[in-house]
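Below, each chain spelled out in residue letters.
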Amino acid sequence: MQAADSVALDSLAADSLRAAPDTVVVDTTTGVGGLSRDVGVAAEALGKGRFEDAASILTESLLEFLYENLLPAVLTAVLLWVVLRVTMGVTRRALSRSKRIDAGVQQLILRFTRFVIVAIGVVAVLDELGIAVAPFIAGLGIAGIALGFAAQDTVQNLIAGITILLDRPFHVGDNIELHDTFGTVEEITLRTTRIRTLDNQMAILPNANVISERIINHSMLRALRVLVPFGIAYKEDPTAAREVVLALTEGDPRIHPDYAPAVVVTELGDSSVNMELRLHLKDPQLEVPIRFEYQEKVFHALKAAGIEIPFPHLQLFVDEAKAFEGSRLLGPAGSGEGGE
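Residues numbered from 1 in each chain as written. Predicted model: local features only at pLDDT ≥ 70, side-chain atom pairs only at ≥ 80, totals over all residues. Heavy atoms only, no water.

Notes on the overall build of the protein
Along its length, the protein carries nine helices and eight strands. For the protein, buried positions account for 30% of its 340 residues. Counting only contacts in the protein whose residues sit at least 6 apart along the sequence, the fraction spanning at least 24 positions is 62%. With an accessible surface of roughly 22400 Å², the protein has 60% of that area assigned to carbon and sulfur atoms. (Helix = DSSP H or I, 4+ residues; strand = E, 2+ residues; numbered from the N terminus. Buried < 20%, exposed > 50% of the residue type's maximum accessible area, 1.4 Å probe, protein only. Contact = heavy atoms within 4.5 Å. Areas by Shrake-Rupley, 256 points an atom, 1.4 Å probe, with all protein chains shown as cover.)

Take a look at the structure:
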């Protein structure tokens, strides 16, 4: 029976070649290519009324494809899925134990590992199915070049995101100043950096802009300095104001013990002697609430001590005002003309 099927198959192939002598024939005898060829031969046999031959050819081809291609492809996919789960689990546990690798870098490593294993799995499964992978990869390369030119900004942001994750100028939870924006870093992705501002808004900044601008990280050093500006009137004594303000910091456990608080004169302003309370904190995360707290404390302490906190004002001196002579403006108080 098998010999007869082989003779019938060779006869049909020969008829096909005689019918189309100018056609270039590619010999794909395995996998999807072989199955497609046999289906074509079976269809040709059906067209000639050779139903038993067509059924025999199709059945044999399907069984061959099942055992030689489909079943190995499924086993390969299952094996690579197990490898993916085990590898991702081991990598995730190893990264979680490391205190030197930033959370963003950990996510980048996990995503890259998953991508590599999945890509290898896809290529292996396609190879088991007898599908040519090289032309597909070449096509992806050409498409990738075209997409790269069409999405230059996105690619630039992705590269900048990788740079941020590797260079680590800031971490999630740090207080930073960036693009005139002050806030806490909430998330670092491959494309954007997200900062929660003081008014509880989320600023989403492209990574390409982040790495090209000046970044001030308030949380990187072990002791963060907080500045609390205030002003006193020129008639007041800066030494007395300094003593009143420094007394507010005594016994505050949040202040770093290695850096003593200080009060200095920073400027002789138009309406006030401008001064500044300088504190160093143990925990940089307390920067904003402590600054607000001491601003109010300084105000109440100076007021309680009778030290004037001036407000901006102008004093006008009129040397010559002939236009107002004889008017109520230059007359004695309560003596005006033309009115009661």
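As for the packing of helix H8 (residues 238-246) against helix H9 (residues 287-304)
Relative to each other, H8 and H9 sit at 125 degrees, their axes nearing to 9 Å. Relative to H9, the element H8 is oriented oblique. When you trace H8 past H9, the crossing you get is right-handed. Residues Ala241, Val244 and Val245 of H8 form the contact with H9, whose own contacting residues are Val298, Ala301 and Leu302. Of the residues in the contact of H8 with H9, the class split is six nonpolar, no polar and no charged. (Axes fitted to C-alpha atoms, helices over the stretch in contact; angles between N-to-C directions. Parallel < 35°, antiparallel > 145°, perpendicular 65-115°, else oblique. Left-handed = near helix turned anticlockwise from the far one by under 90°. Nonpolar A, V, L, I, M, F, W, Y, C, P; charged D, E, K, R; others polar.)

Regarding the pattern of salt bridges
Inspection of every chain in the model, using the stated rule, returns eight salt bridges. Its salt-bridge partner being Glu308, residue Lys235 comes within 3.2 Å of it at the nearest N-O pair. Of this pair, Lys235 sits in the loop between strand E6 (224-232) and H8 while Glu308 is found in the segment after H9, placing the two residues 73 residues apart along the sequence. With relative accessibility at 65%, the residue Lys235 sits in the exposed group. Its salt-bridge partner being Asp252, residue Arg254 comes within 3.0 Å of it at the nearest N-O pair. By relative accessible area, Arg254 is classed as partly exposed at 26%. Judged by its relative accessible area of 13%, Asp252 falls in the buried class. Each of the salt bridges in this network shares a partner with another, and the network as a whole consists of Asp252, Arg254, Glu293 and Lys297. (Salt bridge = Lys/Arg side-chain N within 4 Å of Asp/Glu carboxyl O.)

Remarks on the nonpolar core
With 18 residues, the main nonpolar core has Phe230, Ile232, Leu277 and Leu302 as its most contacted residues. Residue assignment for this core shows that the elements contributing at least two residues are E6, H8, strand E8 (273-281) and H9. Among the elements that take part in this core, E8 stands out by supplying five residues, more than any other. If we ignore the near neighbours within four places in the chain, the residues touching Ile232 are Asp237, Pro238, Ala241, Ser272, Val273, Met275, Leu302, Ile307, Glu308 and Pro310. (Core = buried A, V, L, I, M, F, W, Y, C linked by side-chain atoms within 4.5 Å.)

Considerations on the pairing of strand E2 (residues 181-188)
Judged from the four bridges that link them, strand E1 (residues 175-178) and E2 form a sheet pairing that is antiparallel. The partner of Ile176 across the bridge, within E2, is Gly183. Counting the residues that bridge the hairpin from E1 to E2 gives two residues, and of these His179 lies at a positive phi of roughly 55 degrees. Here E2 pairs with strand E3 (residues 192-197) via five bridges, running antiparallel. The partner of Thr184 across the bridge, within E3, is Arg196. As consecutive antiparallel partners, E2 and E3 are separated by three residues. (Pairing = 2+ DSSP bridges.)

Considering the pairing of E1
As paired strands, E1 and strand E5 (residues 216-217) are joined by two bridges and run antiparallel to one another. From the neighbouring strand, Ile176 faces E5, where its bridge partner is Asn217.

Some points on the confidence of the model for the protein
Across the protein, the average pLDDT comes to 76, with 66% of residues at 70 or higher. Least confident of the elements in the protein is helix H1 (residues 2-19), whose mean pLDDT is 46; most confident is H8, at 94. Contacts from residues 1-9, a stretch scored under 50 in pLDDT, to residues over four places away or in other chains number six contacts. (pLDDT = per-residue confidence, 0-100.)

Looking at the sheet that holds E3
With antiparallel pairing, the five strands of this open sheet are ordered in space as E4-E3-E2-E1-E5. The two strands at the open ends of the sheet, each matched to only one other strand, are strand E4 (202-206) and E5.

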